[in-house]
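# A structural walkthrough
Next come the chains, spelled out residue by residue.
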Amino acid sequence: MDLSGLSLWAVAGIFAMAAAAIMLAGVRLAHVADALADRTGMGEVVAGALFVGAATSLPGAITSISTAAQGASGLAVGNALGGLTAQTAFIAVADLFYRRANLEHAAASVTGLAQGVLLVVLLSIPLIASAEPQITIWGVHPASLLIPVGYAFGLRLLSRIHDDPMWHPVQTDETREEVSEPDREGGRSDSGLWLRFALYAGVTAVAGWVIGEASLALVGLTGMGESAVGTVFAGVANSLPELVTAIAAVRIGAVSLAVGDVIGGNAFEVMFLSAADFFDEGSIYGALTPADRTTALIAMLMTGVLLLGMLRREKTGPVRIGFESVLVLGLYAGSVALVLL
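What counts as what
- Residues numbered from 1 in each chain as written.
- Predicted model: local features only at pLDDT ≥ 70, side-chain atom pairs only at ≥ 80, totals over all residues.
- Heavy atoms only, no water.
- Helix = DSSP H or I, 4+ residues; strand = E, 2+ residues; numbered from the N terminus.
- Contact = heavy atoms within 4.5 Å.
- Areas by Shrake-Rupley, 256 points an atom, 1.4 Å probe, with all protein chains shown as cover.
- Expected span 1.5 Å × (residues − 1).
- Buried < 20%, exposed > 50% of the residue type's maximum accessible area, 1.4 Å probe, protein only.
- Core = buried A, V, L, I, M, F, W, Y, C linked by side-chain atoms within 4.5 Å.
- Phe/Tyr/Trp six-rings, centres within 6.5 Å; stacked < 30°, edge-to-face > 60°.
- 1 Å grid on protein atoms, 1.4 Å probe; cavity = no way out; pocket = protein on both sides within 12 Å on 5 of 7 lines; lining within 4 Å.
- Points joined across faces, edges and corners; volume = space filled by probe spheres on them.
- Nonpolar A, V, L, I, M, F, W, Y, C, P; charged D, E, K, R; others polar.
- Axes fitted to C-alpha atoms, helices over the stretch in contact; angles between N-to-C directions.
- Parallel < 35°, antiparallel > 145°, perpendicular 65-115°, else oblique.
- Left-handed = near helix turned anticlockwise from the far one by under 90°.
- Patch = residues over 30% accessible without salt bridge, like charges linked within 9 Å, V, L, I, M, F, W, Y side chains within 5 Å.
- Salt bridge = Lys/Arg side-chain N within 4 Å of Asp/Glu carboxyl O.
- Polar contact = N/O pair within 3.5 Å; in protein donor to acceptor, adjacent residues only side chain to side chain.

Within the chain, the regular secondary structure consists of 12 helices and 0 strands. Starting at the N terminus and walking to the C terminus, you meet the elements of the chain as α-α-α-α-α-α-α-α-α-α-α-α. Partitioning the intrachain contacts of the chain with sequence separation of at least 6 by distance along the chain shows that 84% fall at a separation of at least 24. About 13800 Å² of surface is accessible on the chain, with carbon and sulfur atoms providing 69% of the total.

Moving on, we get to helix α3 (residues 73-96). The end-to-end C-alpha distance of α3 is 35 Å, a good match for the 34 Å that 24 residues give at a rise of 1.5 Å each. Most of α3 sits out of view: 22 of its 24 residues are buried.

To continue, consider the environment of Ala55. Tracing the backbone shows Ala55 in helix α2 (residues 44-69). Since its relative accessible area comes to 2%, Ala55 is described here as buried. Put simply, Ala55 and Pro241 are 186 residues apart on the chain and 9.2 Å apart in space, counted from C-alpha to C-alpha.

Take the nonpolar core next. Judged by nonpolar contacts, the single largest core of 47 residues is most densely connected at Val11, Phe15, Ile91, Ile211, Met302, Val328 and Tyr332. Contact partners of Tyr332, with chain neighbours within four places excluded, come to Thr85, Ala86, Ala89, Val236 and Met302.

Summed over the entire model, instances satisfying the criterion amount to 2 aromatic pairs. Taking 5.4 Å as the distance between ring centres and 65° as the angle between the ring planes, the aromatic pair formed by Tyr151 and Phe268 counts as edge-to-face. Linking Tyr151 in helix α6 (residues 142-163) with Phe268 in helix α10 (residues 255-277), this pair joins segments that are 117 residues apart in sequence. Residue class for Tyr151 comes out buried when judged on its relative accessible area of 5%. On the basis of an interplanar angle of 75° and a centroid distance of 5.9 Å, the ring pair of Trp194 and Phe197 is categorised as edge-to-face. Of this pair, Trp194 and Phe197 are both found in helix α7 (residues 190-222), 3 residues apart, which corresponds to roughly one turn of the helix. Note on Phe197: relative accessible area 18%, which makes it buried.

Taken as a whole, the second largest pocket encloses approximately 150 Å³ of empty space. Considering the residues around the second largest pocket, the lining is formed by Ala114, Val117, Leu118, Val121, Leu122, Ile125, Gly150, Phe153, Gly154, Leu157, Leu158 and Ile161. Of all the secondary-structure elements, those providing two or more residues to the lining of the second largest pocket are α5 (110-131) and α6. Partitioning the lining of the second largest pocket into residue classes produces 10 nonpolar, 2 polar and no charged.

As a further point, take the packing of helix α8 (residues 226-238) against helix α12 (residues 323-340). Between α8 and α12, the least distance of the axes is 8 Å, while the angle of their chain directions is 140°. With respect to their mutual orientation, α8 and α12 come out oblique. In this structure, α8 crosses over α12, and the sense of that crossing is left-handed. Facing Ser227, Ala228, Thr231, Val232 and Val236 of α8, the residues of α12 in contact are Tyr332, Val336, Val339 and Leu340. Residue composition of the contact of α8 with α12, by class: 7 nonpolar, 2 polar and no charged.

For helix α11 (residues 290-312), with 23 residues, the first-to-last C-alpha span of 32 Å sits near the 33 Å given by 1.5 Å per residue. If you check which residues of α11 are buried, you get Asp292, Thr295, Ala296, Ile298, Ala299, Met302, Thr303, Val305, Leu306, Leu307, Gly309 and Met310.

All right, on to a nonpolar patch on the surface then. Together, Leu145, Phe278 and Phe279 line one region of the surface with nonpolar side chains, adding up to about 320 Å² of accessible area. Here Leu145 lies in helix α6.

In this section: unusual backbone geometry. Look at Trp138: it is not a glycine, yet its phi comes out positive at around 55°. One can find Trp138 in the loop between α5 and α6.

Right, let's get into the environment of Gln70. Inspection of the secondary structure assignment puts Gln70 in the loop between α2 and α3. Judged by its relative accessible area of 44%, Gln70 falls in the partly exposed class. Considered as a pair, Gln70 and Asp280 are 210 residues apart in the sequence and their alpha carbons are 7.9 Å apart. Ignoring sequence-local partners within four residues, the contact set of Gln70 consists of Glu213 and Leu216. Only 3.2 Å separates the side chain of Gln70 from the backbone oxygen of Ser66, close enough to count as a polar contact.

Geometric descriptors of this kind do not, in isolation, establish any biological role.
Structural data, given as structure tokens:
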């Protein structure tokens with residue numbers, strides 16, 4: 001679908017409609033995925049990461065893969081890294097909707113901390129790959145094979161930590177135990193749930209592809225760089241299900257779900273890069289610009305700040321959110337400004 005012949009307003013309208021479809025279908029997809037995670041018996045941490053994380057991340061994956069296949073490596077990279085920073089900032093936004101205490105205080109858990117550490121480890125791989133010679137094996141950089149292997153190992157480790165933790169955060173009046181979101185699809189059969197999962201996944205996948213095509217047209221119509229369009233526009237649009245899901249979770253008191261799904265789901269943003277590398281000519285890590293590396297490092301910094309917030313566990317802070325949420329929002333604003341400059 002070539003949108004380059006349309007006007008800027010027409011392309012912007014198509015982009016907005018695709019983003020709305022991602023938000024609406026993506027949220028329903030997350031609910032169905034959470035129900036499937038509860039019914040599979042795989043364990044909340046592993047099943048939640050695989051089903052809910054993959055479901056809400058599907059539009060971004062399609063955008064990165066489709067744009068990389070068309071030679072727009074910068075857009076694919078920007079979409080993945082922009083999604084990382086946007087989704088991390090969404091935790092701070094969700095904190096605004098949780099009035100009992102700072103979200104990082106209430107949601108502190110050993111699995112949440114472990115998920116954050118896993119994300120930092122995974123994100124370091126493409127950064128190292130971008131700084132080294134761009135070697136490929138059958139057209140694929142070795143880092144693209146290492147990332148999913150590291151993620152699978154991390155899921156196994158998370159499952160063990162969840163089942164047999166060696167330490168626990170101190171319980172306070174505002175601490176909330178890890179809970180799954182209530183099964184809103186409880187009246188559905190398993191086959192019905194899988195059918196709905198496939199339907200919503202199809203809608204978000206098509207919408208993610210449209211976002212990619214509209215982003216390519218925006219690059220040509222606005223003169224903005226691929227990295228900027230991917231980071232600021234595509235990355236945010238594809239991350240909208242995470243935002244709505246996080247806000248909905250804190251409203252029902254499932255604070256661990258809100259924090260865990262976002263941090264855990266961020267690992268899929270790194271997986272986008274490895275997936276896109278299979279469709280890109282050469283190594284996609286060679287397409288990382290200095291601005292992209294800065295965005296990735298800011299994402300690591302934002303994650304580190306959130307982890308420090310979980311360790312510090314401040315009950316109240318500026319404008320009734322934690323110091324870490326204030327810093328995260330400031331870092332996100334700075335990352336957007338640096339990309340646009």
